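Each chain, written out:
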Amino acid sequence: MNSCRYPSIKALMDHGEPVCITLCEEEGSTSDLLYCELVHMAREGESFLMEHQRCRPGDYILGISENSPADYYLKSHRYKDMKTAQNAVNSLPRIKKGFKSLRIEPLKENKGRFDVLLLYLKPESAMKIIQAYAYYYGEGITSRSIGAASICGDCTARPLEEGIGISYGCKGSRKHSGYANEEVPIGISYELVKTIEEGLKNIPATFD
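Here is a short report on the structure shown in this document.

Conventions adopted
- Residues numbered from 1 in each chain as written.
- Predicted model: local features only at pLDDT ≥ 70, side-chain atom pairs only at ≥ 80, totals over all residues.
- Heavy atoms only, no water.
- Axes fitted to C-alpha atoms, helices over the stretch in contact; angles between N-to-C directions.
- Helix = DSSP H or I, 4+ residues; strand = E, 2+ residues; numbered from the N terminus.
- Parallel < 35°, antiparallel > 145°, perpendicular 65-115°, else oblique.
- Contact = heavy atoms within 4.5 Å.
- Nonpolar A, V, L, I, M, F, W, Y, C, P; charged D, E, K, R; others polar.
- Salt bridge = Lys/Arg side-chain N within 4 Å of Asp/Glu carboxyl O.
- Buried < 20%, exposed > 50% of the residue type's maximum accessible area, 1.4 Å probe, protein only.

## Focus: the packing of helix 2 (residues 35-43) against helix 7 (residues 150-162)
Put simply, helix 2 and helix 7 touch, their axes get as near as 8 Å, and they point 65° apart. Judged by the inter-axis angle, helix 2 sits roughly perpendicular to helix 7. Where helix 2 approaches helix 7, its residues Tyr35, Cys36 and Val39 are matched on the opposing element by Ile151, Cys152 and Thr156. Of the residues contributing to the contact of helix 2 with helix 7, the split by class is five nonpolar, one polar and no charged.

So, in structure tokens, the structure goes:
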């Protein structure tokens, strides 16, 4: 499997490579970087097998840690009080533990099945992903985000449960991983990638 398998999806990205996220049973390493930073570096061609990373909310969302980040969120002044911070944590998508590490790699390096394909798209291209989904199902996707846990939650954990997750970013990922202000990240589950690829070939062009 390589990037040539999904040419229509790959063509939507103006810069870099789609990123494959795979839940693995192999032993991984601990990274001093954030999950969103590792994903962005994979966009540029690097690969990682990660067991732990530096972002506390990310470890919780990815199912690595059971420690709620509610107090961290409160201390960072994201929410008005502890009850609100805890409500925010409870609203976030989360991966259930059942793996040892996450493989993060560009699509061209992926040798088999992955779990989520993560893209960074301009709004028009993100629209095409949604239209490709609607082409087959006749309905829209559910877009839910509170501006937190963007790459780990909205675009990795959510697609595992709902098929597609689109985000507008979060403070951490916008600050640390460096994707463009005009880009929105979007995650697609493995089960839907082929459907989206075929849908992109059939939907009308944006400008005739």
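Structure's up, so let's keep going.
## What about the pattern of salt bridges?
Evaluation of the coordinates by the stated rule reveals 15 salt bridges. In this structure, the salt-bridge partner of Asp71 is Arg56, at a minimum N-O distance of 2.6 Å. Remark: Arg56 occurs in helix 3 (residues 56-61) and Asp71 occurs in helix 4 (residues 70-75); sequence separation between them is 15 residues. What makes Arg56 partly exposed here is its relative accessible area of 35%. Connected via shared salt-bridge partners are Arg144, Asp154, Arg158 and Glu162.

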